[in-house]
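Each chain, letter by letter, is given below.
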Amino acid sequence: MRKLVGMAVLLAVLCVFIYAGNQRFVSSDNLQNLTRHVAFLAIYAIGEGIVILSGGIELSVGSVIAFSGVFLVWSVVERGMSPAAAGTLVILFGILIGLWHGFLVTRVRLQPFIATLCTMLILRGHARVLVDEQTMGFGNQFLGLRALGDGFVLGVPTPVVILVGVAIVASFFMHFTVYGRYLYAIGRNPLAAEYSGVKVGRMQTAAYVACGGLAALAGILYATYTNSVQPATTGLAYELYAIAAAVLGGCSLRGGEGTVVGIIVGAAIMRVMTNGINLLGIAPAWEFAVVGYVILIGVVADALYRQRAARRVTPRTESRPEAPATAPSGADAEDL
């Protein structure tokens, strides 16, 4: 809770600082654009956060977004598939990627870093081959489909509405179901969770499935918003943004800690920083450096927090009087 409050205060300070430097920060156009991008990032960061919370890591999020966007446009424009069918296939594709990662991590016993890194490279290559490196778009057609990423619902950007739905479902699952508590337990100590009867492999696979499905959903939203998908650059390094947002939002890279609300706050901080870089006239080249610093600060802060918590527990343990190994005999007691 302290982490969440601290990040909310940091977000407020950032907003005030940027507003002081450029008052266009609070213009309606900028706020609509900003909230839309916060929603894009938060949707796939929630999936990344669920995997991190279970003790894993997912490095193929950006490539899943790229392949999903490319496949959606290619299947609808080039193959004449209906948008509903193409969108369903994309979501199923993301779920299958999650199942594949779950299989590699829990059955083949590959490190999550290696398993998802391979998928990242494979999907990026397939996306480029599928459309022969061509930039794909819907043109002026399929306006209904494009409204998913570019439209509004009662004046609210559609991705924000979708994020609210995703956040409600994810929060209920993580905080109000026994399966959510299982994920926290697995993240803290998978061996203890397994001895307690938790199906560790199934729950870890479920975390990767959620991440894959949300990344595919983000791919659909990006493709329909930008109306231009470039297989080599779309979604590039997005996994780093997702990890940074999750860490900023209170997720521990060691697993077992984090909330959905915290991840959304972390995503908002990331996008507000990017928006501030543009509004304050700072060179865009600083963006990646900022992301790296954010991840480093988050990891160091988490390590210091754990060390401090450990120091609080250790003196209590040491101050307890040790119980005698055996009870004194009657003669010994009289001698004393």
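Fair warning: this is a prediction, and the values are worked out from it, not measured in the lab.

1. Brief notes about unusual backbone geometry
Notably, Asp-132 is not glycine yet its phi reads approximately 55°, a positive angle. One non-glycine residue, Glu-133, lies in positive phi territory at about 65°. On the secondary structure map, Glu-133 appears in the loop between α5 (112–130) and α6 (143–150). Looking at Glu-133, the relative accessible area reads 37%, which means it is partly exposed.

2. Observations regarding a positive patch on the surface
Where like charges cluster on the molecular surface, the positive patch consists of Arg-2, Arg-308, Arg-311 and Arg-312. In terms of residue count, the dominant contributor to the positive patch is helix α13 (residues 286–319) (three residues). Relative to the elements of secondary structure, Arg-2 occurs in helix α1 (residues 2–21). Given a relative accessible area of 65%, Arg-2 falls into the exposed group.

3. A few points about the pattern of salt bridges
Taken as a whole, this structure holds one salt bridge when the rule is applied. Ionic pairing is found between Arg-128 and Glu-133, a salt bridge with its closest N-O pair at 3.0 Å. Look at Arg-128 and you get partly exposed, because its relative accessible area is 34%.

4. Quick look at the nonpolar core
Among the nonpolar cores identified, the biggest contains 91 residues, and Leu-41, Tyr-44, Ile-46, Ile-65, Leu-72 and Met-270 are the most heavily contacted of them. Here Leu-41 is in contact with Tyr-241, Ala-242, Ala-245, Ala-267, Met-270 and Arg-271, once residues within four sequence places are set aside.

5. Some remarks on a nonpolar patch on the surface
Among the surface-exposed residues, Tyr-293, Leu-296, Ile-297, Val-300 and Leu-304 lie close enough to one another that they form a single nonpolar patch of about 530 Å² accessible area. Secondary-structure assignment places Leu-296 in helix α13. Take Leu-296: its relative accessible area is 52%, and that puts it in the exposed class.

6. Some points on helix α2 (residues 28–53)
Taking 1.5 Å per residue as the helical rise, α2 with its 26 residues ought to reach 38 Å, and the 35 Å between its terminal C-alpha atoms agrees with that figure. Taken across its 26 residues, α2 has 19 buried, putting it largely inside the fold. Just downstream of α2, Gly-55 is the residue with a positive phi angle, here 95°.

7. Notes on the side chain of Asn-275
With respect to the secondary-structure elements, Asn-275 resides in helix α12 (residues 260–279). For Asn-275, a relative accessible area of 11% translates into the label buried. Among all residues touching Asn-275, those that are not within four sequence positions of it are Phe-25, Asn-30 and Leu-34.

8. A few points about the environment of Gly-55
Tracing the chain through its elements places Gly-55 in the loop between α2 and α3 (61–78). With relative accessibility at 43%, the residue Gly-55 sits in the partly exposed group. As a C-alpha pair, Gly-55 and Ala-207 span 152 residues in sequence and 9.9 Å in three-dimensional space. Once residues within four sequence positions are removed from consideration, Gly-55 is found in contact with Gly-187 and Gly-255.

9. Examining the packing of α2 against helix α10 (residues 200–226)
The interhelical angle for the contact between α2 and α10, taken along N-to-C directions, is 160°, at an axis separation of 6 Å. Taken together, α2 and α10 sit at an angle that is classed as roughly antiparallel. By crossing handedness, the relation of α2 to α10 is classed as left-handed. Along the contact surface, α2 presents Asn-33, Arg-36, His-37, Phe-40, Ile-43, Tyr-44, Ile-46, Gly-47, Glu-48, Ile-50 and Val-51, while α10 presents Ala-207, Tyr-208, Ala-210, Cys-211, Leu-214, Ala-215, Leu-217, Ala-218, Leu-221, Tyr-222 and Tyr-225.

10. Brief notes about the confidence of the model for the chain
On average, the chain scores 87 in pLDDT, and the residues at 70 or more come to 91%. Of all secondary-structure elements in the chain, the lowest mean pLDDT belongs to helix α14 (residues 330–335), at 42, while helix α4 (residues 83–106) reaches the highest, 96. Every residue in residues 325–336 is under pLDDT 50, and counting partners more than four places away or in other chains gives zero contacts.

11. Thoughts on the side chain of Thr-274
With respect to the helices, strands and loops of the structure, Thr-274 is situated in helix α12. Polar contacts involving the side chain of Thr-274 include one to the main-chain carbonyl oxygen of Met-270, which spans 3.0 Å.

12. Re the packing of aromatic side chains
On inspection of all chains with the given rule, the structure shows twelve aromatic pairs. When the ring of Phe-67 is compared with that of Phe-93, the centres are 4.8 Å apart and the planes differ by 35°; the resulting orientation is tilted. A residue pair is termed long-range when its members are at least 10 positions apart, and Phe-67 in helix α3 and Phe-93 in helix α4 qualify at 26 residues. Across this residue pair, the class does not change: Phe-67 and Phe-93 are buried. Joined through ring pairs, the aromatic side chains of Phe-40, Tyr-44, Tyr-222, Tyr-225, Tyr-238 and Tyr-241 make up one cluster. Above the face of the Phe-152 ring, Arg-36 is positioned so that its terminal group lies 4.9 Å from the ring centre.

How each quantity is defined
Residues numbered from 1 in each chain as written. Predicted model: local features only at pLDDT ≥ 70, side-chain atom pairs only at ≥ 80, totals over all residues. Heavy atoms only, no water. Helix = DSSP H or I, 4+ residues; strand = E, 2+ residues; numbered from the N terminus. Buried < 20%, exposed > 50% of the residue type's maximum accessible area, 1.4 Å probe, protein only. Patch = residues over 30% accessible without salt bridge, like charges linked within 9 Å, V, L, I, M, F, W, Y side chains within 5 Å. Areas by Shrake-Rupley, 256 points an atom, 1.4 Å probe, with all protein chains shown as cover. Salt bridge = Lys/Arg side-chain N within 4 Å of Asp/Glu carboxyl O. Lys, Arg positive; Asp, Glu negative; His and termini not counted. Charge placed at Lys NZ, Arg CZ, Asp CG, Glu CD. Core = buried A, V, L, I, M, F, W, Y, C linked by side-chain atoms within 4.5 Å. Contact = heavy atoms within 4.5 Å. Expected span 1.5 Å × (residues − 1). Axes fitted to C-alpha atoms, helices over the stretch in contact; angles between N-to-C directions. Parallel < 35°, antiparallel > 145°, perpendicular 65-115°, else oblique. Left-handed = near helix turned anticlockwise from the far one by under 90°. pLDDT = per-residue confidence, 0-100. Polar contact = N/O pair within 3.5 Å; in protein donor to acceptor, adjacent residues only side chain to side chain. Phe/Tyr/Trp six-rings, centres within 6.5 Å; stacked < 30°, edge-to-face > 60°. Lys NZ or Arg CZ within 6 Å of the ring centre and 35° of its normal.

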